[in-house]
Amino acid sequence: MGAMRYIIIGAGAVGGAIGGRLAAGGHQVVLVARGAHAAAMRADGLRLDTPEESLRLELPVVEGPEEVTLGPEDVLILAVKVQDSVAALNAWAHRPVAGGGTAGERLPLLCAQNGVAGERLALRRFRRVVAVCLWLPAQYLTPGRVVAPCSPLTGILHLGPYPEQPSPQDAFLTETLAPIAADLERSRFLARLAPDVARWKYAKLLGNLANSLEAVCGPLGEDERLPDIYARVRAEGEAVLAAAGIGYVSEQEERELRAGRMDMLPVPDTDFRAGSSWQSLRRGAGSIEADYLNGEIVLLGRLHGVATPWNETLQRLANVFAAAGRPAGSLPVDELIREAPATQAG
């Protein structure tokens with residue numbers, strides 16, 4: 001491939017951080033966003049705030065695929081929440097690519113999302129799917145502004161083909177991954193080619209089980225009981241993965257890779273309190289990713305006969321909060337414990 005252009009489908013926290021860093025690294029980027037966020041970036045550019053600097057990046061901003069003429073050098077990065085994937089995939093998969101064929105037939109699609117379900121959704125519509133395990137703390141609360149608080153690297157991305165073993169007669173995907181990783185490496189990321197990317201993604205899933213807990217009750221450090229509740233939530237996840245025969249990397253291996261590479265540091269005018277689900281409630285997004293985080297554990301538990309009452313409770317509460325527009329972190333911990341079945345709270 002020649003010089004690639006990166007089309008960021010969903011330029012919120014993760015997509016804005018990836019797109020902003022790629023653009024600052026000299027790469028061609030198109031941001032896809034809607035509403036007030038799109039309007040703010042069109043008017044004043046993307047503001048990307050990091051511990052070292054505040055960047056103002058003037059980039060093309062579109063609201064949908066009909067505003068872009070796709071070419072064979074384009075790379076699509078899907079950064080919407082998993083619950084919004086189907087609509088985005090349907091909108092982009094059948095768009096024509098210059099020279100013939102469609103995006104779904106010709107272009108690589110990177111699933112830069114939490115959870116493990118996005119790649120399977122994408123593979124129904126795209127031939128060349130890349131799984132991405134994201135270690136990328138980022139915040140999007142204000143239209144036009146994305147905060148990426150880690151340094152010296154903005155994040156670590158593990159990239160691998162989905163499914164893990166590409167067919168031998170189709171080398172396009174593996175030939176494309178290396179230059180994509182190289183572009184990310186030049187843009188303040190560690191981009192690792194990981195044939196075992198699923199092991200990293202399932203480890204990340206276990207960590208993301210705290211997202212709903214933070215969303216409804218607040219950051220784990222704000223109540224001494226929350227870390228213990230998260231430990232129970234995670235224990236259910238580990239039991240489910242063991243029953244399903246799904247492997248994942250250890251917490252120690254994760255810590256060793258991150259050490260000295262991405263430390264979370266203060267960013268001016270930023271209160272970086274919690275993760276993506278908490279941010280969804282703060283923005284009043286109306287939906288939340290709990291069905292694909294805690295809900296993934298619930299699904300596997302039902303398939304393999306493992307009880308997951310804590311994850312079921314958090315999945316339900318997070319969705320109630322999102323639908324009702326309840327404020328992030330507004331559920332007292334005592335009320336969460338009362339919501340849990342008696343077998344959980346003991």
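The text that follows walks through the structure, step by step, so that each part is easy to find.

Cut-offs used in this document
- Residues numbered from 1 in each chain as written.
- Predicted model: local features only at pLDDT ≥ 70, side-chain atom pairs only at ≥ 80, totals over all residues.
- Heavy atoms only, no water.
- Pairing = 2+ DSSP bridges.
- Helix = DSSP H or I, 4+ residues; strand = E, 2+ residues; numbered from the N terminus.
- Axes fitted to C-alpha atoms, helices over the stretch in contact; angles between N-to-C directions.
- Contact = heavy atoms within 4.5 Å.
- Salt bridge = Lys/Arg side-chain N within 4 Å of Asp/Glu carboxyl O.
- Buried < 20%, exposed > 50% of the residue type's maximum accessible area, 1.4 Å probe, protein only.
- Left-handed = near helix turned anticlockwise from the far one by under 90°.
- Core = buried A, V, L, I, M, F, W, Y, C linked by side-chain atoms within 4.5 Å.
- Parallel < 35°, antiparallel > 145°, perpendicular 65-115°, else oblique.
- Nonpolar A, V, L, I, M, F, W, Y, C, P; charged D, E, K, R; others polar.

Now for the sheet that holds strand β4 (residues 54–57). A sheet is described by the order of its strands in space; here 3 strands give the open sequence β4-β3-β9, paired in mixed fashion. This sheet does not close on itself; its edge strands, each paired only once, are β4 and β9 (145–147). Each adjacent strand pair in this sheet contributes to an overall mean axis angle of 20 degrees, direction not counted. Across the sheet, helix α1 (residues 13–24) touches β3 (46–49), β4 and β9, and the angle it forms with β3 is around 95 degrees.

Turning our attention to the sheet that holds strand β6 (residues 74–78). Here 8 strands make up an open sheet; going across it, the order is β5-β2-β1-β6-β7-β8-β11-β12 and the pairing mixed. For this open sheet the edge positions go to β5 (61–62) and β12 (189–193), each flanked by a neighbour on one side alone. Bridge count between strand β1 (residues 5–9) and strand β2 (residues 28–32): 5 bridges; the pairing is parallel. Looking at the pairing, I9 lines up with V32 of β2. Taken strand by strand, helix α7 (residues 197–208) contacts β8 (129–135), β11 (155–162) and β12, and its axis lies near 40 degrees from that of β8.

This structure, assessed with the given rule, holds 17 salt bridges. If you follow the salt bridges from partner to partner, you end up with R42, E63 and E67 in one network.

With an omega of 5 degrees, the peptide bond running from S151 to P152 counts as cis. Cis geometry is found at the peptide bond from Y162 to P163, where omega equals -5 degrees. Despite not being glycine, R188 has its phi angle at roughly 70 degrees, a positive value. When you line up the elements, R188 lands in the loop between α6 (172–185) and β12. With a phi close to 60 degrees, D269 is a non-glycine residue in the positive phi region. According to the relative accessible area criterion, D269 is exposed, its value standing at 71%.

Two numbers describe how helix α8 (residues 210–217) lies on helix α11 (residues 276–283): the axes approach to 7 Å, and their chain directions differ by 35 degrees. For α8 against α11, the interelement crossing comes out right-handed. On α11, the residues touching N211, S212, E214 and A215 of α8 are S276, S277, W278 and L281.

What follows is about the nonpolar core. Of all hydrophobic cores here, the largest spans 40 residues; its most connected members are Y6, I18, L31, I77, L159 and L184. Residue contributions to this core peak at 5 residues, all from α1. Sequence-distant contacts of L159, defined by excluding residues within four places in its chain, comprise L110, V130, A131, V132, L177, I180, A181, L184, R192, L193, A194 and V197.

Next up on the list: the packing of helix α12 (residues 294–304) against helix α13 (residues 309–324). Remark: α12 packs on α13, axes separated minimally by 8 Å, with the N-to-C direction vectors making an angle of 135 degrees. Relative to α13, the element α12 lies oblique. The handedness of the crossing between α12 and α13 comes out as left-handed. Every residue of α13 that contacts α12 at N294, G295, I297, V298 and R302 is listed here: N311, E312, L314 and Q315. Partitioned by chemical class, the residues of the contact of α12 with α13 number 3 nonpolar, 4 polar and 2 charged.

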